[in-house]
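Descriptive analysis of the structure
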Amino acid sequence: MHKLLLLITILLVPHAAFAAVISFDPQETTVGMSTPFLVGITIDSDTPVNTIRGVIDVPESMEVVDASDGNSIINLWIERPYINDARQLVFSGIVPGGFEGYRGKLLTLTIQAKREGVARFIVNPSSRIYKNDESASPQPIISRPLDLRVSAGRDNISNEIPDTALPERFMPVVALIPDGSSDTQATSSIESGHWAVSFVAQDKGSGIAGYAVAESFSRIEPADERKVRRLSWRDAESPYVLADQRLSSYVYVKAIDKEGNVRIERLDPQQPRPWYRTALGYILIALIALIILNALRTRINISRRK
Amino acid sequence: MKKLASLIIIAAVLIPLSLYANSFNLTLTFCNGLDCGDVTAPSTPTNLEAEAVSTSQINLSWDASIDPGFPALGILGYKIYRNGGGTEVATTTGLSYSDTGLADGTLYTYTVSAFDGAYNESAQSSSVSTTTLSVPSVAPNASNGSPSGTFAAGTTETTLSLATDIAATCKYGTVADTAYAALPNTFSTTGGTAHSKLLSGLANGVTYTYYVRCQSTTNVAMTSDYTISFAVASAPVRVPGGGGGDKDELPLSQVNVIVRGIAYPGSTINLLKDGLAVASTQAGPDANFEIQLSGVGSGTFTFSVWAMDSQGVRSTLYPFTVTLTSGVTTVIGGVFIPPTVSLDLSTVKRGDPLRVLGQTVPNATVSLIFHSDTEIIDQVAADARGVWNYVLDTLKLEYGDHTAQARAAKATDISTLSKTLSFKVGTVNIPVKKETSALIGDYNADKKVDLVDFSIMLYWYKRPLATTAPPVDLNRDGKLDLVDFSIFAYHWTG
C-alpha cells in the first residue's frame, strides 16, 4: 500500500525533489504523416548534474529523421545522437560545471510518422544522469512516456524556421593524445602518442551536422571560398589525428550546421618549416644553384680559351 | 568504623589549633567559595575617559583599581554605568570597554566601579560624558538606473539595477508614490551602493515601469520615486536571411553579455561559454567583478565562472544557463562564487586539530559543513581580505573518512557550496601533499582541465585501457565510463 502511494506521488508530482526529470516536448500530441514534426527532449533538475546519457525507445511506427543539438545544454558530446540496433535513440555528453534548472533542452528530434495509430516514446531505464559532485553520484530520473496519435489527414505545423547563422566561432587545439605507446604520458615527446586536433563548435540554430579537417602547407584565408574548396577536406571527429605529425602544416577545421552553414577556423603550424623547405626556398636554392653552375661553366670556358 | 577514626583525627588537629589561636586573639576564617571574609571594597577606578568613535559607539578606558582586602582576592572586574543608571550596562575584566548600539548625536554619561573576588564593589568613579558622532539625515540619491529603452521581442529576462551615493537598502514596486516601507519588493542585491534584481517572465509588447526608493543605513528613506522604465517590442525579431557557406556574421544575431558578481579580493575570474574559456578579469579589493563579452550569438548558452584565490586555490565552477536574444545586452548579476577551501592535513590524528582555510568575500560569514555520521556545522568570520581560517576539533569525529565543504554569506546573499574536500581521521598526521592538489583530469599537465583532456578521454573511450594509458579511469574501477566523465566534468576549468 505504501509503495502504491509512493508510486502515485511520483507520478503525480513529476518535479519531485532530488531527481532529474526528462520530458518530451512535442509540438502537438496528434500528428500527421505528410511531413515530419518536432519533439523536444528536455531536462529539469533541482540539483546540478553534469553527465547525461539518454536512451529513448523509438516506436516502430516512427522514424527519427534528425536529432539536432541546437541550443542543447550539452556542450561536449561523448556519443552524438544515434539510433542503435534496438531502435533506441542514444546520446551522451557532459555539461562542465553542471546544469541546474528547468526546461534545459537536450535534443530536438525531427520525426516522420510511418503509419496511423498511437505511438509511444519511452525514456529507457538504462538512461543515466550524474550529479556534479566529486564522486559522480547517480541522480534518479523521473520521466513520462510520450503518446502520439497519428492521423493521416492531419497537417503538421510547419517548421520552416531558417537557420542562416554560422556556427559559433570556436578554437581548435592541437595537442598530443597519449596512446599508451610509451611509459611516459602526456609529454612533448612524439613517441608517447599522436598529435591530434581537438575541436567543438556550437550552433544555436539547427545544430552541428559534422566537422571536416584539412591540412596544408599553404596559408589560406577562410573567406577565400575558391581556395578553401581546393583543400583536401576529410570528415572528422574530435580528436582528429593529424597526418602531418611534424606539425609543419596549417590545420583547417570546418564546422557545418544542419542547414549547411559553415564556420572555418585555421591553426598556424606549430613547427613551421624552415625557409629552405618552402616553395620559395626551393626556387631560391635552385636559382642560386643555377648561378653557381653558370659561373663555374663560364670559368671553365675562360680556362679553356687560355 | 573508618569514619569514626577520621573524625577523631580531625578533632585532634582542630581543637589544639583553635586553643592556640584564641590565646593570640586571632580569628580563624573558613572560606566558602569566594566568600573568604574579605569585606573591604576595592579602590575607585580613576582617569575614566570616553571617546566617541562613531555614530553608535563610545570607547571607555580607565586606570586599574587595587584590592586592599584580606585575604586579597584581587580585582575580578569592572562595572560600567551609563547615564546615572543604577544597573550596570556591562561588566568587563579589562580596563576598557566599547559601548555600541548607541543613538547618533546623543550625549552619554558614564561611571565605572571595580569589584573584587568577594564581590565587594568600589564607589563609582567620577563621571565622564561625550556625544556620539552625528550623521547627516540625508536620504540616498539614486542614479544609473537600468535597463531602459526597448528590448527585442522574445526577451524574457533582464536585470533591474541602479546605484546610490551612500549605502542603502532599495525596494521597488509598480505603483508610483508608494512610501518606502510599503514597497512590496526588495532588490536581491542591496545594502551597499549597487543594487540589482533579476526580472523574469517578461512579455512581448509590454512597457514595464518600476518605482524605486532606497533607505540609508540611518533609516532615512527617499521621499520621491526613482523610476526605471523599459519595454519589450511586440513584433518578433526576424533574423536577416542569407546564404550558407562563408558569409559574414549577421549583426543582429550578436548580443553582449555582462556578468557581475563577487569572488575574492584581487582574484582572477574566468568566464567560460559552453565550457570553453572566453574571457577573464580581476576582482577589485572589495571582491566585486564585472566581465563583458561581446559578439555572442543568439541562443541558449551555459556560462560558467570560476575564480582563483590569492593562494592559487581554485573555486568550483559557478554555472548558469541563459537564453540570449538578438540585439539585447543581457546582464547576469548576483553571481556569488563559493569560497575556496583547503586543508592542512589529508589524515589527521584523532584529537589533533585540523585546519580548514580559504578565501571569500571580505567580512563574510563562512559556514563549514563536515559530512560525517554526525554532521557538524559551524561558522567562522572572514577577515577584511576575505581570508578565513577554522580549526576543527577532531575529537568530535569518529575514525574513518570524512568530507568538508564551505559556503559564504554576506548580507542577504549566500553562495553555493564549495568543492568537497576529503580527509581521514586516523592515528597519525599526514600533511596534504602538493601532488594531490594537481588538477584531476589534467592529462596533458597544462594546468587546465579542458577540451584537450576531454579529447584524450574520448580517444580512450571504448578502447581497452592500456597500463600505460593516461589516468582517465578517475574512479579506478578498471574502466572508462560515464562516471569518469562526470568526475572529469566536475573538475573542468576550461
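Worth saying up front: this structure is predicted, and the values here are computed from it rather than measured.

Some thoughts on the interface of chain A and chain B
Contact residues are listed per partner, giving 55 residues for chain A and 47 residues for chain B. Every element with two or more residues in the side of chain A that touches chain B is listed here: β3 (37-57), β5 (76-83), β6 (88-113), β8 (128-131), β11 (173-178) and β12 (193-198) of chain A. Considering every element that reaches the side of chain A that touches chain B, the biggest residue donor is β6(A), with 10 residues. Here the residues of the side of chain A that touches chain B sort into 26 nonpolar, 19 polar and 10 charged.

A short note on the environment of Glu290(B)
Residues and elements named next belong to chain B. For Glu290, the location among the structural elements is in strand β19 (residues 288-296). Classification of Glu290 by C-beta neighbours within 10 Å gives partly exposed; the count is 15. Separated by 31 residues in sequence, Glu290 and Val259 have C-alpha atoms that sit 5.6 Å apart. Those residues within four positions of Glu290 in sequence are excluded, and the remaining contacts are Ile258 and Arg260.

Let's talk about the confidence of the model for chain B
Residue and element names in this part refer to chain B. Chain-level pLDDT for chain B is 81 on average; 84% of the residues reach the 70-or-more range. When mean pLDDT is taken per element in chain B, strand β25 (residues 353-359) scores highest with 93 and helix α1 (residues 2-23) scores lowest with 48. Between residues 13-36, whose pLDDT stays under 50, and residues either more than four places distant or in other chains, the model counts 14 contacts. Note that pLDDT drops below 50 for residues 235-254; the model gives that stretch 43 contacts with residues more than four away or on any other chain. Reported for the predicted complex are a pTM of 0.60 and an ipTM of 0.80.

With respect to the sheet that holds strand β10 (residues 157-164) of chain B
Residues and elements named next belong to chain B. Taking strand neighbours across the sheet as the criterion, the three strands line up as β8-β10-β13 in an open arrangement whose pairing is antiparallel. The open sheet has two edge strands, β8 (142-146) and β13 (194-200), and neither has a second partner. Strand-to-strand twist of the sheet, defined as the mean angle between neighbouring strand axes without regard to direction, takes the value 15°. Sheet analysis places β10 next to β13, joined by seven bridges and oriented antiparallel.

Cut-off values and rules
Residues numbered from 1 in each chain as written. Chains lettered and ligands numbered in written order. Predicted model: local features only at pLDDT ≥ 70, side-chain atom pairs only at ≥ 80, totals over all residues. Contact = placed C-beta atoms within 7 Å. Helix = DSSP H or I, 4+ residues; strand = E, 2+ residues; numbered from the N terminus. Nonpolar A, V, L, I, M, F, W, Y, C, P; charged D, E, K, R; others polar. Buried ≥ 20, exposed ≤ 12 C-beta atoms within 10 Å, placed from the backbone. pLDDT = per-residue confidence, 0-100. Pairing = 2+ DSSP bridges. Axes fitted to C-alpha atoms, helices over the stretch in contact; angles between N-to-C directions.

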